Amino acid sequence: MLKLLLVGHDDKALSELESTLKEYDDVELRRAESGEAALQMASNNVVDLVITDERLNDMTGLEFAGKLLLLNPMINCACVSPLSPGKFHEASEGLGVMAQLPSHPGKKDAEELLRNLKHVKGLVGGA
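These numbers come from a predicted model, not from an experiment. (Residues numbered from 1 in each chain as written. Predicted model: local features only at pLDDT ≥ 70, side-chain atom pairs only at ≥ 80, totals over all residues. Heavy atoms only, no water.)

J.: Can you help me understand the pairing of strand S1 (residues 2-7) in this one?
T.: Within a regular strand, the side chains alternate between the two sheet faces. Among the six residues of S1, five are classified as buried, and the element is accordingly described as predominantly covered. By the bridge criterion, six bridges tie S1 to strand S2 (residues 27-32) in an arrangement that is parallel. Counted as the bridge partner of Val7 is Ala32 from S2. In the classification by handedness, the crossover that spans S1, the intervening helix H1 (residues 15-21) and the parallel S2 is right-handed. For S1 and strand S3 (residues 49-52), the ladder comprises four bridges, and the chain directions are parallel. If you follow Leu4 over to S3, its bridge partner there is Leu49. (Buried < 20%, exposed > 50% of the residue type's maximum accessible area, 1.4 Å probe, protein only. Helix = DSSP H or I, 4+ residues; strand = E, 2+ residues; numbered from the N terminus. Pairing = 2+ DSSP bridges. Right-handed = clockwise from strand over helix to strand, strands pointing away.)

Right, dumping it as structure tokens:
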């Protein structure tokens, strides 16, 4: 069972991603509206992946990724960001972010993210 934590206060921005992730029997999905709430949840529960919106109530998604890295560097993180891939790489370098998601990520993004997470966790064979 993959344990995912979705962080964001705008339900509409992440709704398609969330509904797609809920379709998987091997995914347990939790929600947090703020970075601090998500950090608290991640410190008290097993979490395989945190998916954060670009802006949270109390910090940016990249600020959250940095705090998550300090809390537990073994938790994977994906961030929504409208930045170009090059600018995102510069901004997220050293934060342990495994994926950049587009604004309003959809079904295809969710499926690719899960496929990559399963590969990272060793739950699927190599290509």
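On we go.
J.: Got a minute to help me understand the side chain of Ser81 in this structure?
T.: With respect to the helices and strands, the residue Ser81 is situated in the loop between strand S4 (76-80) and helix H4 (85-92). Among the polar contacts made by the side chain of Ser81, one reaches the main-chain amide nitrogen of Leu83 at a distance of 3.2 Å. Setting aside its immediate chain neighbours within four residues, Ser81 contacts Phe88, Gln100, Leu101 and Pro102. (Polar contact = N/O pair within 3.5 Å; in protein donor to acceptor, adjacent residues only side chain to side chain. Contact = heavy atoms within 4.5 Å.)

J.: Help me out: how do you make sense of the packing of helix H2 (residues 35-44) against helix H3 (residues 61-71) in this one?
T.: Packed helices, taken two at a time, are described by the angle their axes make and the gap between the axes. It is the contact of H2 with H3, at a shortest axis distance of 11 Å, that shows an interaxial angle of 20°. By the criterion of interaxial angle, the relationship of H2 to H3 is roughly parallel. The chirality of how H2 crosses H3 is right-handed. Contacts between H2 and H3 involve Gly35, Glu36, Ala38, Leu39, Ala42 and Ser43 from the first element and Phe64, Lys67, Leu68 and Leu71 from the second. Looking at the contact of H2 with H3 residue by residue, the class counts come to six nonpolar, two polar and two charged. (Axes fitted to C-alpha atoms, helices over the stretch in contact; angles between N-to-C directions. Parallel < 35°, antiparallel > 145°, perpendicular 65-115°, else oblique. Left-handed = near helix turned anticlockwise from the far one by under 90°. Nonpolar A, V, L, I, M, F, W, Y, C, P; charged D, E, K, R; others polar.)

Purely geometric numbers; function is a separate question.
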